[in-house]
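Working through the structure, step by step
Chain by chain, the residues run as shown.
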Protein chains: 2
Amino acid sequence: MPHDHAALLKHIKADMPTDELLQDLGDLFKIFGDTTRIKIMYALYENEMCVCAIADLLNMTQSAISHQLKVLKAANLVESRRDGKTIYYRLADEHVKSIIAQGYEHITEK
Amino acid sequence: MPHDHAALLKHIKADMPTDELLQDLGDLFKIFGDTTRIKIMYALYENEMCVCAIADLLNMTQSAISHQLKVLKAANLVESRRDGKTIYYRLADEHVKSIIAQGYEHITEK
DNA sequence: TTGTCATATGATTAATTGTTCATATGTTCA
DNA sequence: TGAACATATGAACAATTAATCATATGACAA
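Starting from 1, residues in each chain are numbered consecutively following that chain's sequence as written. All chains are assigned letters beginning at A, and all ligands numbers beginning at 1, according to the order in which they are written. Where totals are concerned, whole chains, interfaces and linings use all residues; where local detail is concerned, this predicted model gives features only for residues with pLDDT of at least 70, and gives and counts side-chain atom pairs only at 80 or more. Side-chain calculation: all heavy atoms of the structure are included, whereas hydrogens and water are not.

**Observations concerning the interface of chain A and chain B**
Whether two residues touch is decided by their heavy atoms; if any such pair falls within 4.5 Å, the residues are in contact. Between chain A and chain B, the contact holds 53 residues from the first and 53 residues from the second. Two parts placed together each lose some accessible area under a 1.4 Å probe, and the buried area is that loss summed for both. By the criterion of area lost to chain B, the three top residues of chain A are Phe29, His95 and His106 of chain A, representing 14% of everything that side buries. When a carboxyl oxygen of Asp or Glu lies within 4 Å of a side-chain nitrogen of Lys or Arg, that pair is called a salt bridge. At the junction of chain A with chain B, the criterion picks out two salt bridges. Asp19 of chain B serves as the salt-bridge partner of Lys39 of chain A, at 3.3 Å between the closest nitrogen and oxygen. Identification of polar contacts relies on pairs of N or O atoms within 3.5 Å, with a donor-acceptor requirement for protein atoms, meaning one able to donate a hydrogen and the other able to accept it, and with residues adjacent in sequence counted only if both atoms are side-chain atoms. Viewed at the interface, chain B and chain A are joined by 11 residue pairs in polar contact (both at pLDDT 80 or more).

Written out as structure tokens, the structure is:
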């Protein structure tokens, strides 16, 4: 017969966040899981930037950048302000930096 | 004429990590960007677990779990040890916990 | 060795997703 | 109001990927 781990499972299950929260967590990391978006976040690490500057920097089309900024904004990872025709984006909070920094440590330490 | 930001770009470009590193960083977060893998990592947060216990816990097939554990292991996010027929998996290091914790904060704080 | 349990793996399929292209919206200035 | 610039958006296509199914590998016990 298969081996039993009902006792362990009961304990662990009690400590697990809800499925909804775990889903949200996965969705959040999914946003970090794209090179273009990572590059955008790095570009905004120190300063705000306008869309066309980001596009120039990454050597990509304005449209592609704009689509990705929309994704980042929907996840509350960036914020924006308008100044005339130009729209400047910046990181929304410190979590973005912490998450990236932790990931950076993980891949550079080994 | 389009507006100019050559000076800004030059500065930012100098501070950006290499494309290869940014790619690796994206690849790392991609792994966190799946609910099943997030659940597995949460399951292993406190204790090691065997594959079938994880499958039971998440109510998924052994095969699906095994495939995902392979992905996690390839990224050095989990490690394993064999005890007879059973193979136990555990988190590889503290970065996994930190990354998850940062993400958790981001989504629960607003 | 044979049977059973635990895990791994390869191929396939369905679903997700990032970029492109064309175009729309919004702002400024002459 | 019209022209130019900055940005946003919708549809379509290509590429990636997670789960499934069938099967293989590995360990143990009788």
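**Considering the protein's contact with DNA strand D**
With respect to spatial proximity, 28 residues lie near DNA strand D, and among them Ser63, Ser66 and Tyr89 of chain A together with Thr36 and Ser63 of chain B are the closest. By atom count, sugar and phosphate contribute 64% of the portion of DNA strand D lying within 4 Å of the protein. A distance of 3.2 Å separates a phosphate oxygen of DNA strand D from a polar atom in the backbone of Val51 of chain A. Numbering of helices and strands runs from the N terminus, with a helix taken as a DSSP run of H or I at least four residues long and a strand as a DSSP run of E at least two residues long. Among the elements of the structure, α4 (51–58), α5 (62–74) and β3 (86–91) of chain A together with α3 (35–43) and α5 (62–74) of chain B are those that each provide at least two residues to the surface near DNA strand D. Ranked by residue count, the leading element in the surface near DNA strand D is α5 of chain A, at five residues. Ten residue types, Ala, Val, Leu, Ile, Met, Phe, Trp, Tyr, Cys and Pro, are classed as nonpolar, four, Asp, Glu, Lys and Arg, as charged, and the remainder, Gly among them, as polar. Tallied by class, residues from the surface near DNA strand D come to nine nonpolar, 12 polar and seven charged. A single heavy atom is enough: if one lies within 4 Å of a molecule or strand, its residue is considered near that molecule or strand.

**Looking at the sheet that holds β3 of chain A**
Residues and elements named next belong to chain A. In this analysis, strands are considered paired if DSSP registers two or more bridges between them. A sheet is described by the order of its strands in space; here three strands give the open sequence β1-β3-β2, paired in antiparallel fashion. Only two strands of the sheet have a single neighbouring strand rather than two, namely β1 (49–50) and β2 (78–83). Where β2 meets β3, six bridges bridge the pair, whose relative direction is antiparallel. Bridging from a neighbouring strand, Asp83 pairs with Thr86 of β3. Interaxial angle, 0 to 180 degrees, is taken between N-to-C directions of lines fitted to C-alpha atoms, where a helix line uses only the stretch in contact. Contacts between α5 and the sheet are confined to β2 and β3, with β2 contributing the most and set at about 120° to the helix.

**Quick word on the packing of aromatic side chains**
In this scheme Phe, Tyr and Trp rings, the latter by its six-membered ring, pair at centre separations within 6.5 Å, and the angle between planes marks the pair as stacked below 30 degrees, edge-to-face above 60, and tilted otherwise. Under the defined criterion, the tally for this structure stands at five aromatic pairs over all chains. Ring geometry for Phe29 of chain A versus Phe29 of chain B: centroids 6.4 Å apart, planes at 5°, classification stacked. Residue Phe29 of chain A is found in helix α2 (residues 19–32), and its partner Phe29 of chain B is found in helix α2 (residues 19–32); the two belong to separate chains. Burial classes: relative accessible area under 20% of the type maximum marks a residue as buried, over 50% as exposed, and values in between as partly exposed (1.4 Å probe, protein chains only). Taking the relative accessible area as the measure of exposure, Phe29 of chain B reaches 0% and is therefore buried.

**Notes on the protein's contact with DNA strand C**
DNA strand C sits among 28 residues. The nearest are His3 and Thr36 of chain A together with Ser63, Ser66 and Tyr89 of chain B. Take the atoms of DNA strand C that sit within 4 Å of the protein: sugar and phosphate atoms are 63% of them. At 2.9 Å from a phosphate oxygen of DNA strand C is found a side-chain nitrogen or oxygen belonging to Arg37 of chain A. Within the contact set of DNA strand C, a phosphate oxygen lies 2.8 Å away from a backbone nitrogen or oxygen of Cys52 of chain B. For the surface near DNA strand C, the elements supplying multiple residues, two or more each, are α3 (35–43) and α5 of chain A together with α4 (51–58), α5 and β3 (86–91) of chain B. Of the residues belonging to the surface near DNA strand C, the class tally is nine nonpolar, 12 polar and seven charged.

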